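Examination of the molecular architecture
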Amino acid sequence: MTDNELMQLSERIGLALKARGATLTTAESCTGGWVAKVVTDIAGSSAWFERGFVTYSNEAKAQMIGVQPATLDAHGAVSEQVVVEMAIGALKAARADYAISISGIAGPDGGSDEKPVGTVWFGIASVSGEGITRRECFSGDREAVRRQATAYALQTLWQHFLQNA
């Protein structure tokens, strides 16, 4: 997805959130704040974007958004269980209506047979209790994996929570 396409998607998301009087927060690991950057590139995003958490380390995940150390120990940072806790913790910490969480392995190192480079877990949750998780495996270099993860997270929020609501 190009920068222009990311901007157009962010604008649609912003309009939908603003129309609902709702806010968004992010809890990002491998994307390093790229989702927050894309949405705050939109003029007026302060009306619907609350804050972003870049929780790159396990310690940051635990301290900033309440991911349980036992969850990290049992499943690793790149797991469904962790992105669920990241999304719920970000919702609570930001008092937002929607949260996107992302944790993955962007490469070029860090992969394993079980979790190869390009593996990314996503969690999206709403204050109403609705939530989804997804696992994707993207290809390409570090930037390509991160760009694809950013686009995927925003597309998933749009398609599953905002487009038809």
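As annotated in an unreviewed UniProt entry, the chain is Nicotinamide-nucleotide amidase from Kosakonia sacchari.

Another point: the packing of aromatic side chains. Applying the stated rule across the entire model yields 4 aromatic pairs. When the ring of Tyr98 is compared with that of Phe161, the centres are 6.0 Å apart and the planes differ by 80°; the resulting orientation is edge-to-face. Of the two residues, Tyr98 is situated in strand β3 (residues 98-104) and Phe161 in helix α6 (residues 142-162); the sequence distance between them amounts to 63 residues. Seen from their ring centres, Phe122 and Phe138 are 6.2 Å apart, and the 80° between their planes marks the pair as edge-to-face. Taken as a pair, Phe122 in strand β4 (residues 119-126) and Phe138 in the loop between β5 (131-137) and α6 lie far apart in primary sequence, 16 residues in all. Per residue, the accessibility class of Phe122 equals that of Phe138, and both read buried.

Running from amino to carboxyl end, helix α3 (residues 58-65) crosses helix α5 (residues 80-94) at an angle of 40°, the nearest separation of the two axes being 9 Å. Regarding α3 and α5, the two cross each other, and that crossing is left-handed. Each of Lys61, Met64 and Ile65 in α3 lies in contact with α5, whose residues at this interface are Val82, Glu85, Met86, Gly89, Ala90 and Ala93. Taken together, the residues that form the contact of α3 with α5 break down as 6 nonpolar, 1 polar and 2 charged.

With respect to the helices and strands, the residue Ser126 is situated in strand β4. It is 4.4 Å that separates the C-alpha atoms of Ser126 and Tyr98, two residues lying 28 residues apart in sequence. In contact with Ser126, not counting residues within four places along its chain, are Leu91, Asp97, Tyr98 and Phe161. Polar contacts involving the side chain of Ser126 include one to the side chain of Ser128, which spans 2.7 Å.

Analysis parameters
- Residues numbered from 1 in each chain as written.
- Predicted model: local features only at pLDDT ≥ 70, side-chain atom pairs only at ≥ 80, totals over all residues.
- Heavy atoms only, no water.
- Phe/Tyr/Trp six-rings, centres within 6.5 Å; stacked < 30°, edge-to-face > 60°.
- Helix = DSSP H or I, 4+ residues; strand = E, 2+ residues; numbered from the N terminus.
- Buried < 20%, exposed > 50% of the residue type's maximum accessible area, 1.4 Å probe, protein only.
- Axes fitted to C-alpha atoms, helices over the stretch in contact; angles between N-to-C directions.
- Left-handed = near helix turned anticlockwise from the far one by under 90°.
- Contact = heavy atoms within 4.5 Å.
- Nonpolar A, V, L, I, M, F, W, Y, C, P; charged D, E, K, R; others polar.
- Polar contact = N/O pair within 3.5 Å; in protein donor to acceptor, adjacent residues only side chain to side chain.

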